[in-house]
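Observations on chain architecture
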Amino acid sequence: MTKPNDLLWWQKTIAYEVYPKSFLDTAGQGTGTIEGITRKLDYLESLGVGALWITPFYKSPMVDNGYDVQDYYEIDPSFGTMEQMDELIERGREHGIRMVMDLVFNHTSDQCAWFLESRSSRNNPKADWYIWRDPRADGSAPTNWRSIFGGSAWEWCEERGQYFLHTFAKQQPDLNWECPEVRQALFDVANFWANKGAGGFRIDAITYIKKPAVFEDGPADGEDGLYPVHAATANTPGILDFLHEFKAAVRDGRDIFMVGEANGVAAEELDQWVGQEGVFDLLFEFSHMHVPMGEAEIWCRPVTWELTDLKRVLAASQKATATNGWYPAFFENHDQPRSTVNFFRCDGPLDQKAKVLGAVLLTTRGTPFLYQGEELGYGNATWKSIDEFDDVQTHAQYDFAKTEGLADEAALAACTRFSRDNARTPMQWDSSEYAGFSTAAPWLPVHDDYATCNVAAQEADPNSPLAWYRKLAKLRAQRRELTAGSWSELMATDEQVLAFERTLDGARTVTLANFDATSASYDVSLVEGLSVLAGSQGQTTPGTLRPLEAVIWG
Ligand code: NOJ
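These numbers come from a predicted model, not from an experiment. (Residues numbered from 1 in each chain as written. Predicted model: local features only at pLDDT ≥ 70, side-chain atom pairs only at ≥ 80, totals over all residues. Heavy atoms only, no water.)

Lining the immediate surroundings of the ligand are Asp64, Tyr67, His107, Phe149, Phe168, Arg202, Asp204, Glu261, His334, Asp335, Arg420 and Arg424. Side-chain polar atom of Asp64 to an oxygen atom of the ligand: 2.5 Å apart, as the coordinates give it. In the environment of the ligand, an oxygen atom lies 3.0 Å from a nitrogen or oxygen atom belonging to the side chain of Arg420. Its residues assigned to classes, the shell around the ligand comprises three nonpolar, two polar and seven charged. (Near = heavy atom within 4 Å. Polar contact = N/O pair within 3.5 Å; in protein donor to acceptor, adjacent residues only side chain to side chain. Nonpolar A, V, L, I, M, F, W, Y, C, P; charged D, E, K, R; others polar.)

Now the structure itself:
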């Protein structure tokens with residue numbers, strides 16, 4: 001069993017993800033800045049945050065909002081300067097907050113100097129740094145793989161007379177990890193940021209770095225005749241060898257953590273990936289995100305699900321990390337729709353839904369990763385046309401839905417439900433114009449509800465989601481069983497209530513969360529001898545939960 005004293009700083013803290021483009025603009029330009037993050041360190045500290053994951057801020061053409069890196073050693077001018085980043089790292093330390101950098105190592109931008117050289121000929125020094133292949137005899141792409149952002153995963157390059165592979169957009173060519181110089185160049189980047197004082201790394205799209213020995217067509221899964229590239233390349237045998245090398249070159253001997261983004265790794269495989277013998281400290285796996293979205297992540301193909309489906313995968317992740325590794329608990333990130341929409345099948349007030357999810361997130365076992373705005377209970381954006389969306393993937397999903405025969409309205413509805421832009425609207429700080437995010441028109445419209453749903457308004461309301469998240473962050477810091485205790489599921493087969501207990505040395509906390517819009521009941525013996533530590537809707541009656549109510553007993 002984990003002992004409180006065995007826990008490392010990143011296991012005891014709360015992590016928070018900032019999407020810098022949408023957090024706070026201090027330059028009056030409509031997009032967020034690094035200085036904007038520094039200004040809000042007090043706010044983050046008030047949420048108990050000790051690790052701040054910042055999505056890419058490196059120099060980039062911004063085809064994918066920074067996940068297309070042009071230069072890993074430079075700050076994109078829209079975000080500010082290296083001096084401002086150094087200051088953020090420094091000031092963060094004073095607040096007890098360490099910065100977690102996003103390493104985008106599966107691909108670069110097509111404007112990166114490495115790629116410009118690689119594409120220039122077949123025999124330059126970086127000729128093998130990317131995945132180049134000859135065309136088929138008829139000149140077509142080497143395989144029928146579909147990129148994650150839609151269309152062929154291959155792009156033709158005239159200079160070389162070859163195709164290059166891109167798992168994501170065509171402006172994001174995949175690096176060739178088989179080439180030792182590439183690996184060394186990437187390890188150098190990570191060490192540069194670790195030496196600057198990063199507290200950890202989130203490693204992007206890491207399960208795609210190892211490509212199969214043989215490239216072959218797969219069975220088409222849609223009207224476009226293509227096969228998802230990740231089905232051919234995710235989690236390919238041999239990938240862990242690369243990652244052990246990475247760990248030895250970057251992680252070993254440092255008081256930092258590494259969390260890998262690992263689509264394609266199932267909960268049962270976690271023990272090879274995390275822990276002492278694994279390659280990362282934590283792994284973002286997506287089994288719970290697939291419950292409402294479907295594993296194929298095709299937005300226009302609706303799936304049906306029950307609460308027990310969600311409970312089953314969450315319990316499997318807990319089980320997989322109970323004795324080895326550590327679980328990063330999350331319900332939102334910059335690639336997902338808002339959780340108040342995503343994890344509920346019923347109507348009901350968003351603030352109550354946000355509190356239900358907050359209760360689960362902040363009392364479960366693992367390090368909670370909050371995403372900006374989640375603590376305010378945002379809903380999804382409600383835009384009227386596909387033209388209002390910025391995200392490259394949303395447009396690809398829309399086009400795919402059209403090839404599948406969906407009418408405009410249905411294709412738009414799928415995007416409204418799942419678009420990544422739902423998470424990327426500007427942070428709502430107050431009720432002034434543009435929600436206090438900027439003095440200029442923001443790059444994405446602020447959410448319609450900003451006049452009432454914003455930090456200032458919620459700070460003044462003791463019943464707000466923000467007040468609830470702050471209260472639970474304190475509770476988590478005070479009660480050792482909430483960090484170091486074991487986790488066991490309660491009421492596993494119940495279709496309305498998600499419940500679990502945390503125990504350590506005789507101390508016990510029970511979380512009961514009603515995910516439905518009707519009241520629910522539970523056996524009072526579950527909370528015998530305990531008192532209410534926090535109730536999301538005020539006074540509660542033992543044995544009963546109001547619609548969308550969460551209660552924590554201890
Ligand atoms: C995962 C990132 O979270 C996402 O935003 C990005 O588009 C892809 N990887 C490609 O880097």
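The first and last C-alpha atoms of helix H14 (residues 392–403) sit 17 Å apart over twelve residues, in line with the 16 Å expected at 1.5 Å per residue. Within the span of H14, buried status applies to Gln393, Thr394, Ala396, Gln397, Tyr398, Phe400 and Ala401. Where H14 is buried, its residues contact strand E7 (145–146) and helix H15 (408–418). The residue sitting at the N-terminus of H14 and contributing the capping side-chain oxygen is Asp391; that oxygen lies 3.1 Å from the backbone nitrogen of Gln393. Gly405 sits one or two residues past H14 and shows a positive phi near 95 degrees. (Helix = DSSP H or I, 4+ residues; strand = E, 2+ residues; numbered from the N terminus. Expected span 1.5 Å × (residues − 1). Buried < 20%, exposed > 50% of the residue type's maximum accessible area, 1.4 Å probe, protein only. Contact = heavy atoms within 4.5 Å.)

This part takes up the sheet that holds strand E17 (residues 497–504). The strand order across the open sheet formed by five strands is E16-E17-E18-E22-E20, and the pairing between neighbours is antiparallel. Looking at strand neighbours, the two that pair on one side only are strand E16 (486–490) and strand E20 (532–535), the edges of this open sheet. Within this sheet the neighbouring strands show an average axis-to-axis angle of 15 degrees, counted without direction. Pairing of E20 with strand E22 (residues 550–553) involves three bridges; the strand directions are antiparallel. Looking across to E22, one finds that Ala534 is bridged to Ile552. Those strands touched by helix H11 (residues 307–320) are E16 and E17, and its axis lies near 20 degrees from that of E17. Lying over the sheet, helix H17 (residues 465–478) contacts E20 and E22, oriented at roughly 155 degrees with respect to E20. (Pairing = 2+ DSSP bridges. Axes fitted to C-alpha atoms, helices over the stretch in contact; angles between N-to-C directions.)

As assigned here, the chain comprises domain 1 (4–108 + 180–470) and domain 2 (485–553). Of note, the centres of domain 1 and domain 2, computed from C-alpha atoms alone, are 28 Å apart. Facing 26 residues of domain 1, the contacting portion of domain 2 comprises 30 residues. Summing both sides of the interface, domain 1 and domain 2 together bury roughly 2200 Å²; the carbon and sulfur share of this comes to 69%. Of all the secondary-structure elements, those providing two or more residues to the side of domain 1 that touches domain 2 are H11 and helix H13 (350–363). (Domains from an automatic or database assignment. Buried area = accessible area lost by both parts, 1.4 Å probe.)

Quick look at the packing of H14 against H15 now. H15 packs onto H14 with a crossing angle of 145 degrees between their chain directions and a minimal axis gap of 9 Å. For the pair H14 and H15, the sense of crossing is right-handed. In this structure, H14 contributes Thr394, Tyr398, Ala401 and Lys402 to the contact, and H15 contributes Asp408, Ala411, Leu412 and Cys415. (Left-handed = near helix turned anticlockwise from the far one by under 90°.)

In this section: the sheet that holds strand E15 (residues 367–371). What holds strands together in a sheet is hydrogen bonding between their backbones, with the strands either parallel or antiparallel. Read from one edge to the other, the open sheet built from eight strands follows the order E13-E12-E10-E5-E2-E1-E15-E14, with strand pairing classed as parallel. Of all the strands in the sheet, the pair left with one neighbour each is strand E13 (282–284) and strand E14 (328–329). Relative to strand E2 (residues 49–54), strand E1 (residues 14–18) runs parallel, the two sharing five bridges. For Tyr16, the partnering residue across the bridge sits in E2 and is Leu52. Along the sheet, helix H4 (residues 82–94) contacts E2 and strand E5 (98–103); its crossing angle with E5, the most-contacted strand, is approximately 135 degrees.

Another point: the nonpolar core. With 131 residues, the main nonpolar core has Tyr16, Phe201, Phe246 and Phe280 as its most contacted residues. In terms of residue count, helix H6 (residues 180–195) provides more of this core than any other element does, eight residues in total. Formed jointly, this core draws a minimum of three residues from each of two domains, domain 1 (4–108 + 180–470) and domain 2 (485–553). Counting 21 residues, the second largest nonpolar core, distinct from the first, contains Met293, Ile298, Tyr371 and Leu444. (Core = buried A, V, L, I, M, F, W, Y, C linked by side-chain atoms within 4.5 Å.)

Moving on, we get to the side chain of Lys126. Its place among the elements puts Lys126 in the loop between helix H5 (113–118) and strand E6 (132–133). In this view, Lys126 contacts Trp114, Glu117 and Ser118; residues no more than four positions away in its chain are not counted.

Looking now at the pattern of salt bridges. Scanning the entire structure with this criterion turns up 33 salt bridges. Across the pair Arg146 and Asp224 runs a salt bridge, and its minimum N-O distance is 2.8 Å. Placement of Arg146 in strand E7 and of Asp224 in the loop between strand E10 (200–203) and strand E11 (227–228) is noted, with a sequence separation of 78 residues between them. For Arg146, a relative accessible area of 8% translates into the label buried. Connected through shared salt-bridge partners, Asp64, Asp335, Asp391, Arg420 and Arg424 make up one network. (Salt bridge = Lys/Arg side-chain N within 4 Å of Asp/Glu carboxyl O.)

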